[in-house]
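Report on the structure
What follows is each chain in one-letter form.
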Amino acid sequence: MVIVMNKNATQAEIENVVATLIDKNFDVHRSTGISRTVIGAIGDKQAFDEREFLVLDGVSEVVRITEPYKLASRTFQQEDTIIKIKDVQIGGDEVVVMAGPCAVESATQIETIAAEVKKAGAKILRGGAFKPRTSPYSFQGLGEEGLQQMRSAADKNDLLVVSEIMDRSQVKIMVKYCDILQVGARNMQNFDLLKSLGKIAKPILLKRGMSATIEETLMSAEYIMSGGNYQVIICERGIRTFEKYTRNTMDISSIPVIQKLSHLPIIADPSHGTGIRNKVAPMARAAVAAGAHGLQIEVHNDPDHAASDGAQSLYPEQFAHLMKECRLIANAIGKKM
Ligand code: PEP
Ligand code: MN
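Summarised in this report is the structure supplied together with it. (Residues numbered from 1 in each chain as written. Chains lettered and ligands numbered in written order. Predicted model: local features only at pLDDT ≥ 70, side-chain atom pairs only at ≥ 80, totals over all residues. Heavy atoms only, no water.)

1. Some thoughts on helix 11 (residues 316–332)
Along an α-helix, residues three or four positions apart point the same way, because every turn accommodates 3.6 residues. What counts is decided by this rule: Helix numbers and strand numbers start at the N terminus; a helix is a DSSP run of H or I with at least 4 residues, a strand a run of E with at least 2. Working rule for helices: expected span equals 1.5 Å times residues minus one. For the exposure calls, accessible area comes from a 1.4 Å probe over protein chains only, and a residue counts as buried if that area is under 20% of its type's maximum, exposed if over 50%, partly exposed in between. What the arc covers is the set of directions going from the helix axis to the C-beta atoms. In what follows, residue pairs with any heavy atoms lying within 4.5 Å of each other are defined as contacts.
Taking 1.5 Å per residue, 17 residues should reach 24 Å; helix 11 reaches 25 Å between its end C-alpha atoms and fits that length. Residues Pro-316, Phe-319, Leu-322, Met-323, Cys-326 and Ala-330 constitute the buried set of helix 11. End-on, the buried residues of helix 11 take up no more than an arc of 110°, which puts them together on one face. Summarising the geometry of helix 11, the exposed residues directed more than 90 degrees from the buried face are Glu-317, Lys-324, Leu-328 and Ala-332. Considering only its buried residues, helix 11 is in contact with strand 7 (96–100), helix 3 (107–120), helix 10 (277–290) and strand 14 (294–298). Gly-334, located one to two residues past helix 11, shows a positive phi value of around 80°.

Next up, the structure:
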């Protein structure tokens, strides 16, 4: 349930509502950044009478959240969440681009790509140091060495860093080098990992699982938020369907659907969403037109020799061209890029 306080509710009245909720075994979450205090109360008991809270001093309204995801829902927070990292804002009126290789392969590789994507207008460098590969014989990533190389390449080019965390044992090392921690499609329902990410103070990029419904995706966001970390960005990266001409089916419609259901930012990854280089640009343009808050795109200086996902990686020139096209589309719908 959501308890909306009066505009002029006093601190003492707010504290009293919080204390009453705690006394009744609710988990209490405060929503910030809006003109009045909104208190989210999460509990698993269905049998309570809203009027118990409506009669408390300073309370304006009590609303039940009927969706299974509570903190992630628009009922809990009407305004869009804007995640601020240094001078980058995700979730506002700017389309933010994360770009880079699938995997960090060497210091030279990541520095070359970082300079290229920066020049084209990306704000965030992507690259995996821990790679979830279908085959145990495929390149598994450089681990901490890769993170060091990516951090240094990003710092030289004034970029932020996003990289994938595969296991809760990696939290400490990931927090040291990254500005955003990515949860990959294969880990979207690794609930222990999600719980541990609820306890840290870094934004999480949560990718939709390849067979996950939108509701399941929002429930995974809820796992992170219920631990106290409200900085979650959702990423549509395509789902597995019966179609075989593309690696995944890019579900562009999930963008407006999620924006209606949730206040969290939603970005699109057309690289994994299609798996084919010449399909990336059309889907990136479509995602921006559909209202995505950002894009994540794989770019490689030598895709033919990439350690992973070369076939879906753009050449730097293609990426620069796509950025120009997306900028035009963003401006046409009243956004910056
Ligand atoms: C990736 O970003 O390189 C990746 C493995 O993505 P996903 O989890 O969406 O497959
Ligand atoms: Mn990849």
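2. Some points on the site of ligand 1
Just so we agree on the cut-off: We call a residue near a molecule or strand as soon as one heavy atom of that residue lies within 4 Å of the molecule or strand. Two N or O atoms form a polar contact when they lie within 3.5 Å of each other; inside protein one atom must be a possible hydrogen donor and the other a possible acceptor, and for residues adjacent in sequence the pair counts only when both atoms belong to side chains. Exposure was quantified through the Shrake-Rupley algorithm and a 1.4 Å probe, taking into account, for residues, occlusion by the shown protein chains and nothing else.
Taken together, 13 residues sit near ligand 1, with Arg-126, Gln-182, Ala-185, Lys-207 and Arg-237 positioned nearest. A distance of 2.7 Å separates an oxygen atom of ligand 1 from a polar atom in the side chain of Arg-126. The separation between an oxygen atom of ligand 1 and a polar side-chain atom of Glu-298 is 3.4 Å. Computed on the free molecule, ligand 1 has an accessible area of 300 Å², of which 97% lies beneath the protein chains in the complex.

3. Observations regarding the coordination of the manganese ion (ligand 2)
Inclusion rule: Each metal's donors are the N, O and S atoms within 2.8 Å of it, or within 3.2 Å when it is Na, K or Ca, and because water is not part of the set, sites may look incomplete.
Coordination of the manganese ion (ligand 2) by the protein involves Cys-102 (SG), His-272 (NE2), Glu-298 (OE) and Asp-309 (OD), with metal-donor separations of 2.0 to 2.4 Å. In the primary structure, the donors to the manganese ion (ligand 2) are separated according to the pattern C-x169-H-x25-E-x10-D. Separated by 37 residues along the polypeptide, His-272 in helix 9 (residues 270–274) and Asp-309 in the loop between strand 14 and helix 11 bring together distant segments of the chain.

4. Side note on the sheet that holds strand 14
Threshold: Two strands qualify as a pair provided that DSSP identifies no fewer than 2 bridges between them. Axes here refer to lines fitted to C-alpha atoms; in helices the fit is confined to the stretch in contact. Angles between the N-to-C directions go from 0 to 180 degrees.
If you trace the eight strands once around the closed barrel, you get 7-8-9-10-11-12-13-14, paired in parallel fashion. Strand-to-strand, the axes of this sheet are offset by a mean angle of 25°, without reference to chain direction. Sheet analysis places strand 13 (residues 266–268) next to strand 14, joined by two bridges and oriented parallel. Directly across from Ile-267, in strand 14, lies its bridge partner Gly-294. Along the sheet, helix 4 (residues 144–156) makes contact with strand 8 (124–126) and strand 9 (160–164), crossing strand 9 at roughly 155°. Packing of helix 7 (residues 214–226) onto the sheet brings it into contact with strand 11 (204–207) and strand 12 (232–236), and relative to strand 12 it is tilted by some 160°.

5. A closer look at the pattern of salt bridges
Opposite charge on two side chains allows them to pair when their charged atoms are near. We apply this condition: Throughout this description, the term salt bridge denotes a Lys or Arg side-chain nitrogen within 4 Å of a carboxyl oxygen of Asp or Glu.
Across all of its chains, the model carries 21 salt bridges by this definition. Between Arg-30 and Glu-15 there is a salt bridge, and its shortest N-O distance comes to 3.3 Å. With a gap of 15 residues between them, Arg-30 in strand 2 (residues 27–31) and Glu-15 in helix 1 (residues 11–23) connect regions that are remote in the sequence. Across the pair Arg-285 and Glu-325 runs a salt bridge whose closest N-O atoms are separated by 2.9 Å. Remark: Glu-325 occurs in helix 11 and Arg-285 occurs in helix 10; sequence separation between them is 40 residues. On the basis of relative accessibility, which here comes to 23%, the residue Glu-325 falls in the partly exposed class. Shared partners join several salt bridges into a network, and the residues in it are Lys-86, Arg-151, Asp-155 and Asp-179.

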